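Spelled out from the first residue to the last, the chains are:
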Amino acid sequence: MHPHDPIAAALDHCLRAPTAVPPLDSVDRWWPGWAALVAMHSSPMALALLGGFAADRVGWAFAAGYQSALRFLVPSLPVQALAAFCVTEEGGNRPRDIRTLITPGAGGGFHVSGAKRWTTLGPQGTLLLVTGRHASAAPDERPALKVALVQADQPGVTIMPMPETAFVPEVPHARIHLQDVAIDAASLLPGDGYSNYVKPFRTLEDSLVTAAVLAYLLREARARGWPADLHERLAATLVTLARVTSSDHSDPATHVALAGALHWAAALYDEAGALWATTPEDPASRRWLRDAPLFAVAAGARQQRAARAWERLQA
């Protein structure tokens, strides 16, 4: 990487910077540091690395990767926005599961009505990216989806916190209810909601959340004096993820490479887990062992993505 590349600078920070970080036990304590990073850096991958390095636990590394993925997806997000992507509904998150409606309103604007669940950071989110279907699509048709930017404090928006999850419980989720929420035309993002936003977000989230967690592990590995070769493999996997993230996400080769990088990351998680297990009374160790199930979430979807990529390459 070029020495003036922001990702190279972020990796250098992860390898050189002091490893002490403050305790962050709530969104309110995590948010100011994250907001300061966003104000100084525009590269989503650099943000993921720096945000992961600054995290004192997996939850805030996950949050940094999640926010970085949204900023990769929508570069125009306001600097101070804590964004939440609202896709999943009671029926799931496939296009045919989406029942939220985005309908034309007076004066060229739109109205948004529907209900979402499992919205990450929803209880504290200030800007909601709401996926909905145009009212013109019949219920049994594959809908034309759009993504609308909705301020969380707008009239008609109700946010209901969900119970803590068993792992990364510090990162909250919410149900979102939208009742005839008025937005202007500029708040409707351009392009197809599924192919331009929902589908690529899954790849970006995998890449950037993994990078943030590995940056967190690199800081812990340095702080705890774990073997130097582990530091090296963490750094090498981060470089690979950076390259994959900057590649064409419609290219099946990109998804094959991502699958390989995720396999490396899984091996590094296992290796770190064995090291954490040697200090079971350490609160950081207990948090890591508690949060490790996060890494298996959506494993089946990732396997299917890699399988489809191989099919396209071999067609």
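Here, the structure is the one placed above.
Asks: Just give me the short version of the pattern of salt bridges, but keep the residues and values in it.
Replies: Throughout the structure, instances matching the rule amount to 16 salt bridges. The salt bridge involving Asp97 is made with Arg94; its shortest N-O contact spans 2.9 Å. Overall, the relative accessible area of 11% leaves Asp97 in the buried class. Of the charged contacts, one joins Arg233 and Asp229 as a salt bridge, the two residues approaching to 2.7 Å between their closest N and O atoms. Placement of the pair is Arg233 and Asp229 together in helix α6 (residues 228-245), with a separation of four residues, close to one helical turn. Residue classification places Asp229 among the partly exposed residues on the basis of a relative accessible area of 37%. A single network of salt bridges, built from pairs that share partners, joins Asp56, Arg57, Glu170, Arg290 and Asp291.

Asks: Lay out unusual backbone geometry in plain terms, naming residues and giving numbers.
Replies: Phi at Asp180 is positive, roughly 55 degrees, even though this residue is not glycine. Within the secondary structure, Asp180 is located in strand β7 (residues 173-183). Residue Asp180 is classed as partly exposed on the basis of its relative accessible area of 46%. Located in the positive-phi region is Ala298, a residue other than glycine, with phi close to 65 degrees. Take Ala298: its relative accessible area is 44%, and that puts it in the partly exposed class.

Asks: Tell me what's going on with the pairing of strand β3 (residues 110-120), and back it up with residues and numbers.
Replies: With four bridges connecting them, strand β2 (residues 101-104) and β3 associate as antiparallel partners. Residue Thr103 lies in a different strand from β3, and its bridge partner there is His111. Remark: five residues form the turn of the hairpin made by β2 and β3, two consecutive strands paired antiparallel; Gly107 in that turn has positive phi of roughly 70 degrees. Pairing geometry for β3 and β7, over eight bridges, is antiparallel. When the sheet's bridge partners are listed, Gly114 is paired in β7 with Leu178.

Asks: Pulling in residues and values, what's your account of the packing of aromatic side chains?
Replies: The geometry of an aromatic ring pair comes down to the distance between the two centres and the angle between the two planes. For the coordinates displayed, the defined rule picks out eleven aromatic pairs. Here Trp276 and Trp288 contribute two aromatic rings whose centre-to-centre distance is 6.1 Å and whose plane-to-plane angle is 25 degrees, an arrangement assigned as stacked. One end of the pair, Trp276, is in helix α7 (residues 252-276); the other, Trp288, is in helix α8 (residues 283-291), with twelve residues separating them in the sequence. Judged by relative accessible area, which is 0%, Trp276 ranks as buried.

Asks: Lay out a positive patch on the surface with the relevant residues and their values.
Replies: On the surface, Lys199, Arg202, Arg308 and Arg312 cluster together into a positively charged patch. Going through the elements one at a time, α5 (193-224) and α9 (299-314) are the ones with two or more residues in the positive patch. Inspection of the secondary structure assignment puts Arg308 in helix α9.

Asks: An account of the environment of Val244 is requested, with residue identities and associated values reported.
Replies: Summarising the element assignment, Val244 is placed in helix α6. Judged by its relative accessible area of 6%, Val244 falls in the buried class. Separated by 96 residues in the primary sequence, Val244 and Ala148 place their C-alpha atoms 28 Å from one another. Val244 has contacts with His249, Thr254, Ala257 and Leu258, leaving out every residue within four places of it along the chain.

Asks: Run through the packing of α6 against α7, naming residues and quoting values.
Replies: Packing of α6 against α7 leaves a shortest axis separation of 10 Å and a crossing angle of 155 degrees. The angle between α6 and α7 falls in the class roughly antiparallel. Along this stretch, α6 crosses α7, giving a crossing that reads as left-handed. Contacts between α6 and α7 involve Leu230, Arg233, Leu234, Thr237, Thr240, Leu241 and Val244 from the former and Thr254, Ala257, Leu258, Ala261, Trp264, Ala265, Leu268, Glu271 and Leu275 from the latter. In terms of residue class, the contact of α6 with α7 is made up of eleven nonpolar, three polar and two charged.

Criteria and cut-off values
Residues numbered from 1 in each chain as written. Predicted model: local features only at pLDDT ≥ 70, side-chain atom pairs only at ≥ 80, totals over all residues. Heavy atoms only, no water. Salt bridge = Lys/Arg side-chain N within 4 Å of Asp/Glu carboxyl O. Buried < 20%, exposed > 50% of the residue type's maximum accessible area, 1.4 Å probe, protein only. Helix = DSSP H or I, 4+ residues; strand = E, 2+ residues; numbered from the N terminus. Pairing = 2+ DSSP bridges. Phe/Tyr/Trp six-rings, centres within 6.5 Å; stacked < 30°, edge-to-face > 60°. Patch = residues over 30% accessible without salt bridge, like charges linked within 9 Å, V, L, I, M, F, W, Y side chains within 5 Å. Areas by Shrake-Rupley, 256 points an atom, 1.4 Å probe, with all protein chains shown as cover. Lys, Arg positive; Asp, Glu negative; His and termini not counted. Charge placed at Lys NZ, Arg CZ, Asp CG, Glu CD. Contact = heavy atoms within 4.5 Å. Axes fitted to C-alpha atoms, helices over the stretch in contact; angles between N-to-C directions. Parallel < 35°, antiparallel > 145°, perpendicular 65-115°, else oblique. Left-handed = near helix turned anticlockwise from the far one by under 90°. Nonpolar A, V, L, I, M, F, W, Y, C, P; charged D, E, K, R; others polar.

Bear in mind that shape data such as this cannot, by itself, settle questions of function.
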